[in-house]
Amino acid sequence: MVTTGFSKPYVAKYNATGQTVTYSGGISLGRGVSLSLEVETPNDNNFYADNELAESESTNFTSGTANITVDGLENAAATLILGLGSPQPLQVDDTPVQMQGYGKSMEAPYVGYGCVRRTQMQGKVQYWPYILPKVKFSIPGDEIETSEDQINWQTQELSAAVQRDDTAAANWKLISKEGMATEAEAEAAVKAFLNITEEDE
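Predicted model, so just to flag it, every value in this text is computed and none were measured.

**What about the overall build of the chain?**
Point 1. Of the regular secondary structure elements, the chain holds two helices and twelve strands.
Point 2. When the helices and strands of the chain are read in sequence order from the N terminus, they spell out β-β-β-β-β-β-α-β-β-β-β-β-β-α.
Point 3. Across its three principal axes, the chain shows a C-alpha extent of roughly 85 × 45 × 40 Å.
Point 4. Long-range pairs, those at least 24 residues apart, make up 68% of the contacts in the chain with a sequence separation of at least 6.
Point 5. Of the roughly 12,900 Å² of accessible surface on the chain, 46% is carried by carbon and sulfur atoms.
Point 6. Where the 13 positive side-chain charges of the chain centre and where its 28 negative ones centre are 6 Å apart.

Given below as structure tokens:
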């Protein structure tokens, strides 16, 4: 299948009690631009006998990094994924302004991440819920340019460390077994996995 689209990225706070994992406080991460997942595995452990390869232990997931680009990161999403503290009040003339601090109180939590992957194969378009059940985001940088004659669209690049979850299966990625007919169906599956309800939105 050829990937033809990426959309609807969501995050939710990760909670684990023993091998039971739950999610809470889910929110949209922004409008999806791109996702790349780099996976690290150990080298194959090969055993040779009679001058040939006799046994081999297959490689396995050890860690990963998800590089996610969204159109922009709103304060609510930044607060969740970076563990930002409470805003600080500021009075500008007669107008109160809330200033969001990036300071030593920051403590990025583990979160679950999900999005929709669109594919096409022999003319058939399908949508797939794509889940990274346990990730931790790094503090992103900023890139801001002055306005010129033509707009230079400036997106937000994010990086997250991917880990196995705490379930008995120790999953690090999940996708649906079958593709779905619409983006809305796949988005609903992502939101259901991350326990995102209408009240969260």
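**Things to note about the side chain of glutamine 100**
Point 1. Structurally, the position occupied by glutamine 100 is in the loop between strand E8 (95-99) and strand E9 (111-121).
Point 2. In terms of polar contacts, glutamine 100 uses its side chain to reach the backbone carbonyl oxygen of glycine 85, at 2.8 Å.
Point 3. If we skip the residues at most four places from it in the chain, glutamine 100 touches Asn75, Thr79, Leu84, Gly85, Ser86 and Pro87.

**Topic: unusual backbone geometry**
Point 1. Positive phi is not limited to glycine here, since aspartate 93 has a value of about 55°.
Point 2. Among the secondary structure elements, aspartate 93 is positioned in the loop between strand E7 (88-92) and E8.
Point 3. Of note, glutamine 122 is a non-glycine position whose phi angle comes to about 50°, a positive value.
Point 4. With respect to the element layout, glutamine 122 can be found in the loop between E9 and strand E10 (124-137).

**Focus on the environment of glutamate 183**
Point 1. Counting through the fold element by element, glutamate 183 comes out in helix H2 (residues 183-193).
Point 2. As a C-alpha pair, glutamate 183 and lysine 104 span 79 residues in sequence and 40 Å in three-dimensional space.
Point 3. Look past the residues within four positions of glutamate 183 in its chain and what remains in contact with it is Ser7, Lys8, Val116 and Tyr127.

**A few points about the pattern of salt bridges**
Point 1. Enumeration over the complete set of coordinates arrives at two salt bridges.
Point 2. When the shortest N-O distance is used, the salt bridge between aspartate 71 and arginine 31 registers 2.6 Å. With aspartate 71 in the loop between strand E6 (63-70) and helix H1 (75-82) and arginine 31 in the loop between strand E2 (20-28) and strand E3 (32-40), this pair connects stretches of sequence that are 40 residues apart.
Point 3. For arginine 31, a relative accessible area of 63% gives the class exposed.
Point 4. We note a salt bridge from lysine 134 to aspartate 166, for which the minimum N-O separation is 3.1 Å. With lysine 134 in strand E10 and aspartate 166 in the loop between strand E11 (156-162) and strand E12 (174-175), this pair connects stretches of sequence that are 32 residues apart.
Point 5. For aspartate 166, a relative accessible area of 29% puts it in the partly exposed group.

**Quick look at the pairing of E10**
Point 1. In terms of burial, E10 is a largely internal element, eleven of the 14 residues being buried.
Point 2. With ten bridges connecting them, E9 and E10 associate as antiparallel partners. By the bridge assignment, glutamine 120 is partnered in E10 with valine 125.
Point 3. Linkage of E9 to E10, two consecutive antiparallel strands, is achieved through a turn of two residues, within which glutamine 122 is found at a positive phi near 50°.

**With respect to a negative patch on the surface**
Point 1. Together, Glu143, Glu145, Glu148, Asp149 and Glu157 line one region of the surface with negative charge.
Point 2. Within the secondary structure, glutamate 145 is located in the loop between E10 and E11.

**So, the nonpolar core**
Point 1. Core analysis: the biggest nonpolar cluster contains 24 residues, and Val11, Leu29, Ile68, Tyr113, Val135 and Phe137 have the highest contact counts within it.
Point 2. Contributing elements (two or more residues each) for this core: strand E1 (2-17), E6, H1, E9, E10 and E11.
Point 3. Per element, the largest residue contribution to this core is five residues, and it comes from H1.
Point 4. Filtering out sequence-adjacent residues up to four positions away, tyrosine 113 remains in contact with Phe6, Pro9, Tyr10, Val11, Leu29, Leu35, Ile68, Tyr130, Ile131, Leu132, Val135 and Leu194.
Point 5. Counting residues in hydrophobic clusters, the runner-up holds twelve residues, among them Tyr127, Ile131, Val190 and Ile196.

The rules behind the values
- Residues numbered from 1 in each chain as written.
- Predicted model: local features only at pLDDT ≥ 70, side-chain atom pairs only at ≥ 80, totals over all residues.
- Heavy atoms only, no water.
- Helix = DSSP H or I, 4+ residues; strand = E, 2+ residues; numbered from the N terminus.
- Contact = heavy atoms within 4.5 Å.
- Areas by Shrake-Rupley, 256 points an atom, 1.4 Å probe, with all protein chains shown as cover.
- Lys, Arg positive; Asp, Glu negative; His and termini not counted.
- Charge placed at Lys NZ, Arg CZ, Asp CG, Glu CD.
- Polar contact = N/O pair within 3.5 Å; in protein donor to acceptor, adjacent residues only side chain to side chain.
- Salt bridge = Lys/Arg side-chain N within 4 Å of Asp/Glu carboxyl O.
- Buried < 20%, exposed > 50% of the residue type's maximum accessible area, 1.4 Å probe, protein only.
- Pairing = 2+ DSSP bridges.
- Patch = residues over 30% accessible without salt bridge, like charges linked within 9 Å, V, L, I, M, F, W, Y side chains within 5 Å.
- Core = buried A, V, L, I, M, F, W, Y, C linked by side-chain atoms within 4.5 Å.

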